[in-house]
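Structure assessment
Given next are the chains, with one letter for each unit.
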Amino acid sequence: MTTPAQMANIQPPVGGLNWRKPPIELDPREALHLENILPRPASGELRHGYKAYATNLGKPVMSIMSYRAAAHPDDKLFAVTSDGSVFDVTAGGDTFTKMETIGSDGIVSHVNSTTTDKSYLCVVSPGGGYWTYEPTEGWTKQDLTGDGAGKSFSAIFKWKDRLWLIEDGSTKAYYLGVGAIKGDASMFDFSPILRRGGHLVYGANWTFDAGYDLSDYFVLVTTQGEVIVYEGTNPSEADTFQLKGVWNVGAVPEGSRSYTHFGGELMLMSSLGVVPMSRLVNGQVANEYDVASSKIQPVLEGVFSTYKRQFGWEMTTIYDQAFLLLKTPQTNTGSYVYYVMSTQTGAWATITNMPMSCTAVVDEKLFFGSPDGTVYQGFVEDTDGVGLDGSEGMAIVGRYLGGFQDFEKPGFNKKFTLCRPFFVSEGRPSVSLKIATQYSAMFPTVQAKKEPYANEALFDTDKWNQCQWTGGVNTYTYLSGVNGLGFYGALVMAFTGMAKTQFASATLMYQPGGVL
């Protein structure tokens, strides 16, 4: 006698990746693989692509800097290539003239600072000196006086209206006067409070209450993962600049770009993962391993161990896309794999095939430099690598592997026969899927295509009474036969289409069998 077929519902991957649990213990809304699919609160959404913005810069772009002027029309976007050449790429295009050379390798640290009457972009790099930019003054090499005279700096940041410059390979930092961008620089040596050796890597302002006020903390991070926190106002007076504590965050990656601000939180990347500063100082990291990246840490720690001494680590928050981007170095095989965390839910996913060497967020839009000497605008368009002339690039393929489920019948074999995924999109996506059994999964190939408004009519374009018109967003379903026999099953799917195509759910038909 044939056992009746049964139906199961597969939920969208709104919970993101989870690599901390066994494959059969995942929440139905979590995934084992989530590539180029962003975990939104109600669906899994295919990411946007990227387009060329400034081309023919000649060498790999290692830094992108945004100058924020007092008047918006004077804002600038600069790119620094691997030989230290600076280009003004504000207007985009394909023809540029070098403005200045401000370093030897193009890896710079920068911050915007405002004096009583002007706004400056302040830039440092080891061996390259300390430079400032202002529209009427252009690029100017600043020679500091006092303790900072003749020093080489690797990082710069601002705290309580003072610029701080970190001496390259040293435990010393130098600060300028309130509101100053040049002049006397006073030295502060942090070596007496370091217990693990190493030197200073970067500094940051920790605005834990999401505002800018006198309670903001001063934070320094060392190569050995010591996080130094001070409070106060004036570093020249012991009673107004006091040590709050020193915490250990584990090893930190190469460079000074592996941190970001998210609301009132300061997020640090280390061997422990993406660590919120508030949880570090409150003991939640040490006692409960409460880090933002805990669900992806089993894989992330391997990536960190392999690439921690390579250039390319960077974190930035992209509010326009509602996620935090953790950019890792290009892999040894030449691929690009990054990690994104939803700022709405804390869920994680990966994005691939975006050749980033450095990033900058300008007016909530992401720009990134690449090894091919191009500046791209990220997370726009429907394909990857759209040309300056608007020529279409490569299709974006989303790949999903859900957790393995026993469908409330543990120990019973199941024969999987049909699957129907549901999508919400402005155009019909192309989909390929199968059911993986017994923890084995390989992704199916998918035809790269996008069909905006496929087989639909458009309002005010097509004729009335001859076809059925529709709005901009439609629901698409696919009924696909599948073959699979096993005790556990997981949906494996690849799809491509227009950006923001949403995987909303799926239904799965199976026939339960016996225990053998």
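You'll find the structure just up there.
Our subject in this report is the structure included herewith. Quick caveat, the model's predicted, so the values are computed rather than measured.

Examining the pairing of strand E14 (residues 138–142)
Inspection of the sheet shows strand E13 (residues 129–134) paired to E14 by five bridges, in the antiparallel sense. Note that in E14 the partner of Trp131 across the bridge is Lys141. Between E13 and E14, which pair antiparallel in sequence order, lie three residues.

Observations concerning the nonpolar core
One finds Leu325, Tyr400 and Leu491 to be the most contacted residues of the largest nonpolar core, which totals 58 residues. Among residues more than four places away in sequence, those in contact with Leu325 are Glu314, Met315, Thr316, Ile318, Tyr338, Tyr339, Val340, Ile351, Met356, Thr359 and Leu366. Counting 19 residues, the second-largest nonpolar core is a separate cluster that includes Val201, Tyr202, Val252 and Val285.

Observations regarding the sheet that holds strand E16 (residues 153–159)
Pairing is mixed across the open sheet formed by five strands, whose spatial order is E15-E19-E18-E17-E16. Looking at the sheet topology across the chains shown, the edges are occupied by strand E15 (145–146) and E16. Looking at chain direction, strand E18 (residues 172–175) and strand E19 (residues 184–189) are connected through four bridges and run antiparallel. Across the sheet, the residue bridging to Ala173 is Phe188, located in E19.

Structural notes on the sheet that holds strand E21 (residues 217–222)
With antiparallel pairing, the four strands of this open sheet are ordered in space as E20-E21-E22-E23. Strand pairing shows two members of the sheet lacking a second neighbour, strand E20 (200–206) and strand E23 (241–248), which therefore form its edges. Each strand of the sheet is rotated relative to its neighbour by a mean of 20°, with strand direction disregarded. Looking at chain direction, E21 and strand E22 (residues 226–232) are connected through four bridges and run antiparallel. Bridging across to E22, Val219 finds its partner in Val229.

A look at the pattern of salt bridges
Side-chain pairing between opposite charges can occur once the charged atoms of the two side chains come close. Here the structure, examined in full by the defined rule, presents eleven salt bridges. Measuring nitrogen to oxygen at the nearest pair gives 3.3 Å for the salt bridge that ties Glu45 to Arg40. No difference in accessibility class separates Glu45 from Arg40, as the two residues are buried. Among the salt bridges present, the one from Arg68 reaches Asp363, with a minimum N-O distance of 2.6 Å. Residue Arg68 is located in the loop between strand E7 (61–67) and strand E8 (76–81), and its partner Asp363 is located in the loop between strand E31 (358–362) and strand E32 (365–369); the two are separated by 295 residues in the primary sequence. Given the relative accessible area of 30%, Arg68 is considered partly exposed.

Cut-offs applied
Residues numbered from 1 in each chain as written. Predicted model: local features only at pLDDT ≥ 70, side-chain atom pairs only at ≥ 80, totals over all residues. Heavy atoms only, no water. Pairing = 2+ DSSP bridges. Helix = DSSP H or I, 4+ residues; strand = E, 2+ residues; numbered from the N terminus. Core = buried A, V, L, I, M, F, W, Y, C linked by side-chain atoms within 4.5 Å. Buried < 20%, exposed > 50% of the residue type's maximum accessible area, 1.4 Å probe, protein only. Contact = heavy atoms within 4.5 Å. Axes fitted to C-alpha atoms, helices over the stretch in contact; angles between N-to-C directions. Salt bridge = Lys/Arg side-chain N within 4 Å of Asp/Glu carboxyl O.

All we've got here are geometric facts, nothing functional implied.
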